[in-house]
Amino acid sequence: MFTHRLVFPGSVLRGRGAIKHLGAMCGRLGQRALLVGGERGIASVEAKVADQLDQQMVSYLGHEKLAGQCCEQEIKRLADRLKMQGVEVVIATGGGRALDTAKAAGVLCNIPVVTLPSIAGTCSAVTPLAFRYHQNGQFRDMFPLACGPAAVVIDADLLATAPLHWLSAGMGDTLAKWYEYRAISDLNLLSGLAGVARTNSELCFRLIQHYAADACEAVRAGQANLALEQVLDAIFLYAGLTSIMSNGAHTGAAHALYDGFTACAKTRPVAHGLLVGFGNLCLLALENRPDSELLAAIELARACAIPVDLKAIASGLDEADLQLIVEQSLKTPDMANMPMEVTNQQMHEAIARVERLSLVKA
């Protein structure tokens, strides 16, 4: 009999001003805390983190900047640093790669990790998974972790001050939960955990469909509102639950195309969720969905500030680049999840169809 192991975060704090509870949360987990993340993430939260720890008399050991890639070498380097400094609790900030690196290093050292995302680019803050890359930034694998974050702090006020393209990336990745789950599942045969994952996936889509435009306005103004809170719940909580319920086996052609984009130096630096967001449209084209549905999806992507054509992703892409991207996408486990075999020609035709429809006036 197969045992399905579900790994949830220990605790989740969400809402405006949630960071005000960070110190108390860390104090229950350890007395020596290290802040870990990228340079921008650390800069955006360090003063508040230090103040929170001071209020709870938790020793603040300073910060450790990560190199940018969640790769084996960086995970090991951070794990060695945690051991050397006698860290008892890790506070991880930044985006998915920083959070995943910290989660993986924490598991290696058996040290609790509190995630404090400073951008809303993915659901990484809540999942027991690490998207690992090679040192050059090319995607390697989705690696399951033995445990999830000890706590998650999702502060809408903090996330409202991040650049808009990170929220757009989060919405692109979150929309994929529904587009891909629908594509790879028989919706007439869902029960139990699969049914819960389906419900969460569709809820992600509905919340973004309804609140995306107003959430984007909140970030442009740097001021959280109800719409942004709803979208953040979709990105972190409901999308995260979908990932947990399915043990990561919920991806399809949209994530496969992302994997392919990371093989190309011109597109590799683009945020995960923005590439997945464009991949969502190509997935719909692969499914031969009607033009009307694709056009509606393109308009929703635009409302989320997600790129809807290749030139918006990277300038100067040529046929050789596109062939490399497509060939790499076809080799991925994500593409193998699709209910039919996808050919090189079909992938090129899907991309071309999205490009053509993106020119249609709304």
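Residues numbered from 1 in each chain as written. Predicted model: local features only at pLDDT ≥ 70, side-chain atom pairs only at ≥ 80, totals over all residues. Heavy atoms only, no water.

(A) Looking closely at the layout of surface pockets. A volume near 950 Å³ is recorded for the largest pocket. Taken together, 45 residues line the largest pocket, and the ones lying closest to its centre are Gly95, Gly96, Arg97, Ile119 and Trp166. Looking at the lining of the largest pocket, the elements with two or more residues in it are helix H2 (39-55), helix H4 (96-109), strand E6 (129-133), helix H6 (164-184) and helix H10 (272-286). Residue classes in the lining of the largest pocket are distributed as 17 nonpolar, 21 polar and seven charged. (1 Å grid on protein atoms, 1.4 Å probe; cavity = no way out; pocket = protein on both sides within 12 Å on 5 of 7 lines; lining within 4 Å. Points joined across faces, edges and corners; volume = space filled by probe spheres on them. Helix = DSSP H or I, 4+ residues; strand = E, 2+ residues; numbered from the N terminus. Nonpolar A, V, L, I, M, F, W, Y, C, P; charged D, E, K, R; others polar.)

(B) Summary view of the environment of Leu175. Mapped onto the secondary structure, Leu175 falls in helix H6. Here the alpha-carbon distance between Leu175 and Asp80, two residues 95 residues apart in the chain, equals 37 Å. In this structure, Leu175 is in contact with Phe205, Ile208, Asn280, Leu300, Cys304 and Ile306, ignoring residues within four places of it in sequence. (Contact = heavy atoms within 4.5 Å.)

(C) Layout of the environment of Gly172. By the element assignment, Gly172 lies in helix H6. In this structure Gly172 comes out as buried when scored by relative accessible area, which is 0%. When the C-alpha atoms of Gly172 and Ala301 are compared, they prove to be 7.5 Å apart, with 129 residues separating the residues in sequence. (Buried < 20%, exposed > 50% of the residue type's maximum accessible area, 1.4 Å probe, protein only.)

(D) Main features of helix H3 (residues 72-85). In this model H3 runs 20 Å from its N-terminal to its C-terminal C-alpha over 14 residues, within 8% of the 20 Å that 1.5 Å per residue would give. Within H3 the residues assigned to the buried category are Glu74, Ile75, Leu78, Ala79, Leu82 and Gln85. Axial view of H3: buried residues confined to an arc of 140°, hence all on one face. Within H3, the exposed residues directed more than 90 degrees away from the buried face are Lys83 and Met84. Summarising the contacts, the buried residues of H3 are in contact with strand E2 (32-37), strand E3 (59-65), strand E4 (89-94), H4 and E6. Gly86 sits one or two residues past H3 and shows a positive phi near 65°. (Expected span 1.5 Å × (residues − 1). Arc of directions from axis to C-beta.)

(E) The side chain of Thr262, seen in detail. One can find Thr262 in the loop between helix H9 (253-261) and H10. Judged by its relative accessible area of 0%, Thr262 is buried. Excluding its chain neighbours within four sequence positions, the residues that come into contact with Thr262 are Gly137, Gln138, Phe139 and Arg268.

(F) Broad picture of the packing of aromatic side chains. A complete count under the given rule lists five aromatic pairs for this structure. Summarising the aromatic geometry, the rings of Phe139 and Tyr258 are spaced 6.4 Å apart at their centres and angled 70° between planes, so their arrangement reads as edge-to-face. Of this pair, Phe139 sits in strand E7 (residues 139-144) while Tyr258 sits in helix H9, and the two are 119 residues apart along the sequence. The burial state of Phe139 is the same as that of Tyr258; both residues are buried. Measuring from ring centre to ring centre gives 5.8 Å for Tyr179 and Phe205, while their planes differ by 70°; the resulting arrangement is edge-to-face. Pair noted here: Tyr179 is in helix H6 and Phe205 is in helix H7 (residues 192-221), with a separation of 26 residues, a long-range link. In terms of burial, Tyr179 and Phe205 fall into one category: buried. Clustering of aromatic rings is evident, with ring pairs tying together Phe131, Tyr133, Phe139 and Tyr258. (Phe/Tyr/Trp six-rings, centres within 6.5 Å; stacked < 30°, edge-to-face > 60°.)

(G) Region of interest: unusual backbone geometry. The backbone of Asn288 shows a phi angle near 60°, a positive value even though the residue is not glycine. Note on placement: Asn288 falls in the loop between H10 and helix H11 (291-303). Positive phi outside glycine occurs at Ala305, with the angle close to 65°. With respect to the element layout, Ala305 can be found in the loop between H11 and helix H12 (310-313). We classify Ala305 as partly exposed; its relative accessible area is 34%.

(H) Structural detail: helix H13 (residues 319-330). Over its 12 residues, H13 extends 17 Å from the first C-alpha to the last, a length consistent with the 16 Å expected when each residue adds 1.5 Å. Looking at H13, one finds that the buried residues are Asp321, Leu322, Ile325, Val326 and Ser329. Here the buried residues of H13 occupy an arc of 130° about the axis, which is enough to place them on one side. Seen from the buried face of H13, the exposed residues on the opposite side, beyond 90 degrees, are Glu319 and Ala320. Among the structural elements, H9, H12, helix H14 (333-336) and helix H15 (344-357) are those in contact with the buried residues of H13. Measuring from the backbone nitrogen of Ala320 back to the side-chain oxygen at the start of H13 gives 3.2 Å, which picks out Asp318 as the cap. (Polar contact = N/O pair within 3.5 Å; in protein donor to acceptor, adjacent residues only side chain to side chain.)

(I) Just the pairing of E3, in detail. As paired strands, E2 and E3 are joined by five bridges and run parallel to one another. Residue pairing for E3: Leu35 is matched across the bridge by His63. (Pairing = 2+ DSSP bridges.)

(J) Region of interest: the side chain of His348. By secondary structure assignment, the location of His348 is in helix H15. With a relative accessible area of 18%, His348 lands in the buried category. Here His348 is in contact with Leu322, Gln323 and Val326, once residues within four sequence places are set aside.

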